[in-house]
Amino acid sequence: MKPRIAILTGYGINSDVELAQAFNLAGGDAVRVHLHDAIDGRVKLDDFAILAVPGGFSFGDHIASGRVFANRLRHKLGDTLLRLREKKVPMLGICNGFQVLVKLGLLPGTEPASFTQTCTLTFNDSGRFENRWCHLAADAKNPSLWLKGVESIYLPVRHGEGKFIPGSEALLKELQANGQACLRYRNEDGSVPEGFPANPNGSTDDIAGLCSKDGLVFGLMPHPEAHILPTQHPHWQRDGMKAEGDGLAIFRNAVHAVR
Amino acid sequence: FAADIEYTDEAGRTETIRSLYKTYVKAATNAVRPSAPWLKSVFTDNAGIIEFAPGWDVAMKAETHNSPSALDPFGGAMTGIVGVNRDILGCGMGCKPIFNTDVFCFASPYHDGPVPEKLHHPKRLLKEVHRGVKDGGNESGIPTVNGSIVFDERYLGKPLVFCGTGGLIPSELHGKPSWQKSIEPGDRIVMAGGRIGKDGIHGATFSSIALTEASPVSAVQIGDPITQKKMLDFLLEARDLGLFRFVTDNGAGGLSSSLGEMARESGGCALHLDRAPLKYAGLDPWEILVSEAQERMSFAVPPENWEAFRDLAARRDVEVSNLGEFTATGNFECFYDGKPVCRMDMEFLHEGNPKLHLKGRWAPPKHLDPPAASLAARDLNADALALLGTLNICSKETWVRQYDHEVQGQSVVKPFMGARNDGPSDAAVIKPLQDRKEGLVVSHGLSPRYSDVDAYHMAAASVDEAVRNAVAAGGEPGKLAALDNFCWPDPVESPETPDGQYKMAQLVRANKALYDICTAYGLPLISGKDSMKNDYGKGAGKISVPPTLMVTVIGPIPDATKSATIDFKAAGDVVYVLGSTKEELGGSEYFGMLGAIGNSVPVTDFAANLALYRKVFGAIQKGLIRSAHDCSDGGLWVSLAESAIGGRLGLEADLSLAAQDGGLSDVALLFGESQGRFVVSVSPNDAAAFEAALQGSAFARIGIVTEAPALKLRRGDKTLIETTVDAAFAAWRKPLDF
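Residues numbered from 1 in each chain as written. Chains lettered and ligands numbered in written order. Predicted model: local features only at pLDDT ≥ 70, side-chain atom pairs only at ≥ 80, totals over all residues.

## Here we look at the sheet that holds strand 31 (residues 650–654) of chain B
All names here are of chain B. Pairing in this open sheet of seven strands is mixed, and the strands run 30-32-29-33-31-34-35 from one edge to the other. Pairing within the sheet leaves two strands with one partner each, and these edge strands are strand 30 (627–630) and strand 35 (718–724). Strand after strand, the sheet turns through a mean of 20° between neighbouring axes, direction not considered. One ladder, built from five bridges, connects strand 29 (residues 574–578) with strand 32 (residues 678–682); its direction is antiparallel. Pairing of tyrosine 576 across the sheet is with valine 680, part of strand 32. (Pairing = 2+ DSSP bridges. Helix = DSSP H or I, 4+ residues; strand = E, 2+ residues; numbered from the N terminus. Axes fitted to C-alpha atoms, helices over the stretch in contact; angles between N-to-C directions.)

## A look at the interface of chain B and chain A
The interface is formed by 32 residues belonging to chain B together with 30 residues belonging to chain A. For the side of chain B that touches chain A, the elements supplying multiple residues, two or more each, are helix 4 (122–140), helix 6 (225–240) and strand 19 (411–413) of chain B. Along the lines of polarity and charge, the residues of the side of chain B that touches chain A split into seven nonpolar, 11 polar and 14 charged. (Contact = placed C-beta atoms within 7 Å. Nonpolar A, V, L, I, M, F, W, Y, C, P; charged D, E, K, R; others polar.)

## Structural notes on the confidence of the model for chain B
Taken as a whole, chain B shows an average pLDDT of 94; of its residues, 97% reach a score of 70 or greater. Reported confidence for the predicted complex is 0.96 by ipTM and 0.96 by pTM. (pLDDT = per-residue confidence, 0-100.)

## Let's talk about the pairing of strand 24 (residues 481–487) of chain B
Residues and elements named next belong to chain B. Of all seven residues that make up strand 24, seven are buried, and the element is covered over most of its length. What you see with strand 24 is no split at all: Ala481, Leu483, Asn485 and Cys487 on one side and Ala482, Asp484 and Phe486 on the other are buried throughout. Pairing between strand 24 and strand 28 (residues 548–557): seven bridges, direction antiparallel. Within the sheet, the bridge partner assigned to aspartate 484 lies in strand 28 and is valine 551. Bridge count for strand 24 against strand 25 (residues 525–531) is six bridges, and the pairing is parallel. If you follow aspartate 484 over to strand 25, its bridge partner there is glycine 528. The handedness of the strand 24 to strand 25 crossover, carried by helix 15 (residues 500–521), is right-handed. (Buried ≥ 20, exposed ≤ 12 C-beta atoms within 10 Å, placed from the backbone. Right-handed = clockwise from strand over helix to strand, strands pointing away.)

## Points about the environment of glycine 647 of chain B
In this structure, glycine 647 of chain B sits in helix 18 (residues 635–647). Dropping the residues within four chain positions of it, glycine 647 of chain B is found in contact with Gly418, Ala419, Asp567, Phe568 and Lys569 of chain B.

Now the structure itself:
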């Protein structure tokens, strides 16, 4: 049986359809679940093998990106989320969904899991929302279930608030040591970028994605669901079509892990 | 567009045109219809609908939001985009918006003269209009895939803000064609979405008069994309559950317009205005009826579905209200607290508008051509780089990059492609259905400068450019559909508009061209809109926009991977120019840069172009083309330079080889804007097959792509331009990078 994946949606989330397609292409059975239906119990998140929060502008990103959606999850589904963490259900947050998981405190996360926010994602140094393709490299010692076998990938970013700032220098060191700073912006040749545009937002240590210490929860600003087909690559007409988009491996990793 | 017009041409021949719309726009589509069985719904709904792929249709609509954007650029422009999104949501049984387009026309952001009272400096307009469209599109989760920014000093008095949206819908829903909808007497009148306030009262009426220092900012509606996004999600869910029978949007005129149109279906309605939810107390009944407060859709809901409709809305955080019922009384009736406040005969409401009788007289203008001797003495290298840095030609990447153009995961040809993702695409190609191979091409064209010579050729060139852009990306001639958006200065002769007859004649001529080219190309017009009072002030200080026709083209591509981008792909590839170059610099960017207009406006050769376009489509289908770029503003030079920039490769070419008129000047060869041309590169292995495929059309091999990033253009033994790709890029990238 295909593993069922809950894709949260509603209130301005807007990348839910293509995220569901990505999981389905990777062999999953994705279901788009309106947050309200999860809250009133019409749909039970416990019935799913993976939980994913897509990108978008939940609640217009008013107050701060992802903040209202995170609060609603915490106050209406907090127990469920902690239970899913205990049950080792993999979770994914992309773009606005990453902002939600960071603001919830599930990323980079505490042990045991709690709703303690330790980092933030804030306005890009450019002051602008930008849609731009970025080269990314996975940290060699990252524990992420999602990044198994992934070394370098090319994905678009589409955000105005993606600048990662850790709560403290000590936390940053810990994330680096644990490999939890699992995905970084890089130059095309893999070298460390000197700021914009290779690092599109000014993130500390060029960090584009984080994972929990156990590797189950993963969040990133770039959009892997926007690069699952070869024709989504901006150079597909120049370099020839690959068999699949770079992002698909991420979804396949998770679907295989829970099967 | 509905008026009777007495038109007199330059020879003094007079004809009476009964409705431009019926005579040219609708007639063109009717003439094409027999060869376009893929047309589903045209001119009747909020948008035109065509067949896209087996089981799927696509709808498209483009609108302008000029006056609101002039007064409140952020709010006006945002409402422009979220407003046209609603046209798509309210088209047929409700289409899902899958892409946006936007075209802006402004005066130069570097304008240093006076700015009309109450209006904004063009730089501020550019920033704020852009921010409005960007926020509206991005927050709604609809990718902005195609557009442009055009500059002309005459847009100082009124900027033009065109916003378009395309939508996708299953061809059938609940066993019925999805483009058909109806209303039964007894169906509930249901309004959904935002609440009603005083915002946007008289929005439609003030937009239809010239701006003055007394124009009301309060007439501008302010949108909220998130409220609308929630409604969008709800609407599609309710549609798939079959909960409503009819849907349309609330735009201009608010409920009066949406329900006025809907009541036609059943033959009347009884509307209880006191039941409408208000933002605040104190609105009079008439204000509730005509308010253009945003994010609202009107539905006809069968009584038995009302509870399910209401409950789903509650769960999706969307406010819905039951405002009465549709009837068959023949009257549009409104009540407030049970008392009748309005009763209008449906026939009068729809047919009662008296017809205008207007006059137009065409007298071709004569401009001074720059002397040939002075043109022959120009420094071509300097002119070439300067031309790349003109506002209409330079890169718009800084602005385009701020639009989300990839949400929904459909993109195949993005706005910028090439080695460094900065080569400007001619058109967008998207693949809306993940499990199918069909693509959809989206392009546009506009050439307002040519109106200074002849609006006939302006309109023809605008259509031709839109089609050519689509073909360059892989579109199929004969399967394309177009939308016409006219933005004209007031064409009615009056003491304030003494040249009204000339402007009306321009309008007539543009319509004649539209008919001629659309019927020649087999290109149906599926939707359109006109905006007729794009002037500021009156008398001597009056500023009128150049007559502008913005043409949008969409069309299915059988296989999205059989498309093309503009960037040169590899050193050694053979470069061709397709189409022939004539002494046509009138109204060109080059003449504009020299401060001239000229008379030799490009004349579109419909038959030659169509034959060529068919061959280009065939060559792309066969995989014979490695890059294809339309040739328009700035001529051959700009197309060649952009293809080189896109690929970060060089070019060596002899332009004397390109098909051309005898005795052509160097400047016309390089910078002339003859229609129907492309720059194409082909792998040397495919050159013979490509040339065979192009037989019968004007084309020539002019040179090769080089690894060294230098641009070397000569004409026989004479060097015309010699520069580097880096220098060209720097000149082209800089002017609008702020």
